[in-house]
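Structural overview for review
Listed below are the residues making up each chain.
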Amino acid sequence: MLVRRVWPSRPTFESSFSDYDQVRREMLRLLETATSGDAGEQGAGVFPPMNITQDDDNFYIRAEVPGMKPSELSISAVRNRVSLSGKREIPREHERASYHRKERPEGAFNRAVTLAAEVDPERVEARYTDGILTLTLPKAEQVKPRQIAVRT
Amino acid sequence: MATEATRDVQKTQQSTVAAAPEQTRTGPVYSPAVDIFENDSVITLLADMPGVKASDLAIDLRENVLTLTGRVTNARAGKESNVLSEYRPGTFVRQFTLSETIDQPKIDAQLTDGVLRLELPKVEKARPRQITVRSA
């Protein structure tokens with residue numbers, strides 16, 4: 001199965017996903033999968049594609065931003081809102097170069113996501129390896145699941 | 001002019017799909033976005049392969065067909081559950097046909113921050129030469 005990634009030039013500057021939105025996306029994706037026979041990604045169609053996962057303690061956001069310098073990325077977190085912006089610039093190599101293909105996306109981007117729970121902005125960690133940005137966002141203490149002991 | 005030059009690096013995407021060797025790994029196969037440009041002495045190919053480590057990248061050249069294969073290993077740890085999934089770990093594969101004018105032993109590859117840079121030097125005789133006309 002060959003999947004070609006395309007970036008439709010929709011002017012979507014942020015994507016939020018409330019619980020409802022998430023259900024809606026999942027439904028759409030299932031519908032798409034059923035009709036096209038293709039396991040389509042449920043991407044928002046904007047750069048960069050990101051995956052969000054969670055465990056008991058943290059949210060993890062991973063975004064595919066190949067070939068960028070950490071200084072070109074700007075990340076901010078307020079309460080349960082995380083935004084990632086930056087500008088991907090592909091320098092023109094030589095004066096006399098003639099291009100045969102130019103497919104790699106470039107330009108400014110800005111994505112903001114609203115997480116289901118608040119995070120502790122002080123302890124957010126960002127790492128950049130092999131073109132993937134990984135944000136580790138610790139959930140705020142008050143929203144962490146707690147084991148409640150039943151007293152007899 | 002453009003068509004003349006394009007002959008040096010040709011995409012063999014169509015034929016690849018038709019005669020694609022079956023993947024032994026499950027998961028999607030992506031076609032990485034590439035930039036290709038050339039100057040008088042070298043053809044440069046840049047490919048976006050986020051998540052691919054140098055050890056998981058294979059560049060194979062046989063019978064003038066250049067195959068780029070990059071594997072992405074799943075970055076997530078065991079206990080994480082999905083909240084939003086816009087991309088899946090898969091394999092980046094793309095093939096190009098190189099012409100005879102590439103100095104194949106001198107091909108140089110470098111992978112930095114998920115971007116592959118492949119320098120394909122042209123053989124000496126294929127480089128354009130300026131011929132000065134002498135007056136008698």
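Residues numbered from 1 in each chain as written. Chains lettered and ligands numbered in written order. Predicted model: local features only at pLDDT ≥ 70, side-chain atom pairs only at ≥ 80, totals over all residues.

So, on to the confidence of the model for chain A. For chain A, per-residue confidence averages 79 on the pLDDT scale, and 75% of positions sit at 70 or higher. Low pLDDT (under 50) marks residues 8-15 of chain A, which in the prediction has 13 contacts with non-local residues, meaning those over four places away or in another chain. (pLDDT = per-residue confidence, 0-100. Contact = placed C-beta atoms within 7 Å.)

The next point concerns the sheet that holds strand β2 (residues 50-54) of chain A. Pairing is antiparallel in the open sheet, where five strands are placed in the order β8(A)-β9(A)-β3(A)-β2(A)-β7(B). The sheet terminates laterally at β8 (125-129) of chain A together with β7 (81-85) of chain B, the two strands that pair on one side only. Put simply, the sheet's adjacent strands are angled 20° from each other on average, direction ignored. Sheet topology places strand β3 (residues 58-64) of chain A next to strand β9 (residues 132-138) of chain A; seven bridges connect them, and they run antiparallel. By the bridge assignment, phenylalanine 59 of chain A is partnered in β9 of chain A with leucine 137 of chain A. (Pairing = 2+ DSSP bridges. Helix = DSSP H or I, 4+ residues; strand = E, 2+ residues; numbered from the N terminus. Axes fitted to C-alpha atoms, helices over the stretch in contact; angles between N-to-C directions.)

All right, on to unusual backbone geometry then. Although it is not a glycine, aspartate 130 of chain A sits at a positive phi angle of roughly 50°. Here aspartate 130 of chain A lies in the loop between β8 and β9. Here aspartate 130 of chain A falls in the buried class, since 22 other C-beta atoms lie within 10 Å of it. Its identity as a non-glycine residue notwithstanding, aspartate 113 of chain B has a phi of 45°, on the positive side. Tracing the chain through its elements places aspartate 113 of chain B in the loop between β9 (108-112) and β10 (115-121). (Buried ≥ 20, exposed ≤ 12 C-beta atoms within 10 Å, placed from the backbone.)

This part covers the sheet that holds strand β4 (residues 73-78) of chain A. Residues and elements named next belong to chain A. In space, the three strands of this open sheet follow the order β4-β5-β7, with antiparallel pairing throughout. The open sheet has two edge strands, β4 and β7 (107-114), and neither has a second partner. The average undirected angle you get between the axes of adjacent strands in this sheet is 10°. Sheet analysis places strand β5 (residues 81-88) next to β7, joined by eight bridges and oriented antiparallel. Its bridge partner being in β7, valine 82 is matched across the sheet by valine 113.

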